[in-house]
Amino acid sequence: MTARDPVGGDLRADAGAGRDAAISSLTGLICLAGVMNGVVASRLLGLDPTLSAALTIAFGLFTVVLAEGVPFALSRARARFDPDWNRIAVKLVGLGALFALIAAAYLAFPAFHASAGPLVAVLAPAWPLLLLGGVLLVALTDAVDPDPEDACHAFGLAMLGRPADRAAVTLFLRGWLVKLFFLPLMFSMLVGYFEWLDGGIPAPAHLLAGDDWVEWPVRFLYLVDVSVAALGYAATFRLFGWHVRQVETTVGGWAVCLVCYPPLNGAVLEAFFPYRSGAVWSDAMDPTGALGIVVGVVILALQLVYVGATIQFGPRFSNLTHRGLLTGGLYRFSRHPAYLSKNILWWLTFMPFLPGTGIGEAARRTVCLLCVNAIYLMRARAEERMLLEDPAYRDYHRGMERTALLSRLATVLRRG
């Protein structure tokens, strides 16, 4: 799965590094604790939604850096601090050129303002601190990293007109393209969830009177999910081992991913595959009745699985990139627990098969949702194709085919 790499990160294939980049589920729990502290602090301080989003990401990032990042960096530190200042200068030239291009694109294309505006508004006043922090981060990474001539260094060489690894430069830019699409998007979505949260927690009597006992927790879980995702896009620090190792290279792989997010999901998925009728599960049954309670509990369980899959990645969460392997927790039962739970969740939430306006309309919406499911299947296959270049993922993939719960069920059904 997504990426942010302020120190450049090695975007080359780094084959075989998966075993050294295995992700501990404990990291995700630490990240979750930091994010929740940020949410609580923002509420206690009465911050507006934009500052609430920024504080939540900052709390999560600070917590996971202290708990995992710093120990990792210290474990790799050399016996003496001996950075190469010439190499550091080349990296800073590369990053400077990159940020100049980003600023020019932001000013030239107003279409970026809607998604990137809230993030720019938060970061712009802090630019002196960000600049100082960036220089220190580059210097520390160069001093600690066993292979300091990373893709950022290659891009800096290219900007200076010197010979550089073309593949590394291309992947460096591709990785930053992922960041520039997803980080502002996730931040703006998080601001929207905090605007919703400003409405307050419904009274218990109101929660239990209708479907709010399901819908409110589901929305709050989305807030947590987007908080962790935004943190992941903001935390691709090579210093802490959170860097990008691979980036999707195919047009098809990018297409089936980006079409699932704004603005393309509205222009494509909702335009060509409109499976939503305006009615939801609670319109088809009493959400406080026996059947409604069963369906509501299953919806909440699926939402927990979906958000839990994001939380497990913690600061390594990412789309279109490989930043480490998850083989435990939810990923012990499915290679794609998030996609699986999300797609089942849509069937239960929107129930397109209900006649509503007629059998024909129900059939049409059912086919539309099946098409959306197929897009997510293609997205999962594209991710696997990229990850299978890593020997560690190939081992995991083979093991899952033999031992995963869903795979065993499929085998039993075939034999039956």
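Residues numbered from 1 in each chain as written. Predicted model: local features only at pLDDT ≥ 70, side-chain atom pairs only at ≥ 80, totals over all residues. Heavy atoms only, no water.

Colleague: Describe the packing of aromatic side chains, naming the residues involved and giving the relevant values.
Modeller: Scanning the entire structure with this criterion turns up 22 aromatic pairs. A ring pair is formed by Phe181 and Phe182, whose centres lie 4.8 Å apart and whose planes are at 80 degrees; its orientation type is edge-to-face. Judged by centre distance (5.7 Å) and plane angle (70 degrees), the rings of Tyr275 and Phe350 are edge-to-face. Placement of Tyr275 in the loop between α11 (264-272) and α12 (281-284) and of Phe350 in helix α14 (residues 337-350) is noted, with a sequence separation of 75 residues between them. Phe350 matches Tyr275 in its accessibility class, with the two residues each being buried. (Phe/Tyr/Trp six-rings, centres within 6.5 Å; stacked < 30°, edge-to-face > 60°. Helix = DSSP H or I, 4+ residues; strand = E, 2+ residues; numbered from the N terminus. Buried < 20%, exposed > 50% of the residue type's maximum accessible area, 1.4 Å probe, protein only.)

Colleague: Can you break down the environment of Leu223 residue by residue, with the values?
Modeller: Positionally, Leu223 belongs in helix α9 (residues 212-233). Leu223 gets classed as buried once you look at its relative accessible area, which sits at 0%. Between the C-alpha atoms of Leu223 and Val39, which are 184 residues apart in sequence, the distance is 9.4 Å.

Colleague: Can you tell me about the pattern of salt bridges, naming the residues and giving the values?
Modeller: One side chain can pair with another of opposite charge once the charged atoms of both are near each other. Scanning all chains against the criterion turns up 14 salt bridges. Salt bridges sharing partners connect three or more residues here, namely Asp84, Arg87, Lys91, Asp142 and Asp150. (Salt bridge = Lys/Arg side-chain N within 4 Å of Asp/Glu carboxyl O.)

Colleague: Lay out the packing of α14 against helix α15 (residues 359-387) in plain terms, naming residues and giving numbers.
Modeller: At a minimum axis separation of 11 Å, α14 and α15 run at an interaxial angle of 175 degrees. As summarised for this structure, α14 and α15 are arranged roughly antiparallel, according to the angle between their axes. Where α14 approaches α15, its residues Tyr339, Lys342, Asn343, Trp346 and Trp347 are matched on the opposing element by Thr366, Leu369, Leu370, Val372, Asn373, Tyr376, Arg379, Ala380 and Glu383. Residue classes in the contact of α14 with α15 are distributed as eight nonpolar, three polar and three charged. (Axes fitted to C-alpha atoms, helices over the stretch in contact; angles between N-to-C directions. Parallel < 35°, antiparallel > 145°, perpendicular 65-115°, else oblique. Contact = heavy atoms within 4.5 Å. Nonpolar A, V, L, I, M, F, W, Y, C, P; charged D, E, K, R; others polar.)

Colleague: Report on the packing of helix α13 (residues 290-313) against α14, specifying residues and quantitative values.
Modeller: Two elements in contact, α13 and α14, have axes whose closest approach is 8 Å; the angle formed by their N-to-C orientations is 155 degrees. One way to sum up the angle between α13 and α14 is to call them roughly antiparallel. α13 and α14 meet at a crossing whose hand is left-handed. Each of Val298, Ile299, Leu302, Gln303, Val305, Tyr306 and Ala309 in α13 lies in contact with α14, whose residues at this interface are Pro337, Ala338, Ser341, Lys342, Ile344, Leu345, Leu348 and Thr349. Class assignment for the residues of the contact of α13 with α14 results in eleven nonpolar, three polar and one charged. (Left-handed = near helix turned anticlockwise from the far one by under 90°.)

Colleague: Before we move on, can you summarise empty space enclosed by the protein with the specific residues and values?
Modeller: By volume, the second largest cavity is sized at about 50 Å³. Lining of the second largest cavity is provided by Glu248, Gly253, Val256, Cys257, Asn319, Leu320, Arg379, Ala382 and Glu383. Mapped onto the lining of the second largest cavity, the elements with two or more residues apiece are α10 (251-258) and α15. Residues that form the lining of the second largest cavity fall into these classes: four nonpolar, two polar and three charged. (1 Å grid on protein atoms, 1.4 Å probe; cavity = no way out; pocket = protein on both sides within 12 Å on 5 of 7 lines; lining within 4 Å. Points joined across faces, edges and corners; volume = space filled by probe spheres on them.)

Colleague: Explain the nonpolar core to me, and be specific about the residues and the numbers.
Modeller: If you look at the biggest cluster of nonpolar residues, it comprises 81 residues, and the most contacted ones within it are Phe182, Met186, Leu197 and Trp242. Per element, the largest residue contribution to this core is 13 residues, and it comes from helix α7 (residues 166-197). In this structure, Met186 is in contact with Val226, Ala229, Ala230, Tyr233 and Tyr261, ignoring residues within four places of it in sequence. (Core = buried A, V, L, I, M, F, W, Y, C linked by side-chain atoms within 4.5 Å.)

Colleague: Before we move on, can you summarise a nonpolar patch on the surface with the specific residues and values?
Modeller: A cluster of nonpolar side chains, Phe62, Leu66, Val70 and Leu74, forms an exposed patch at the surface whose accessible area comes to about 410 Å². Structurally, Phe62 can be placed in helix α2 (residues 49-76). (Patch = residues over 30% accessible without salt bridge, like charges linked within 9 Å, V, L, I, M, F, W, Y side chains within 5 Å. Areas by Shrake-Rupley, 256 points an atom, 1.4 Å probe, with all protein chains shown as cover.)

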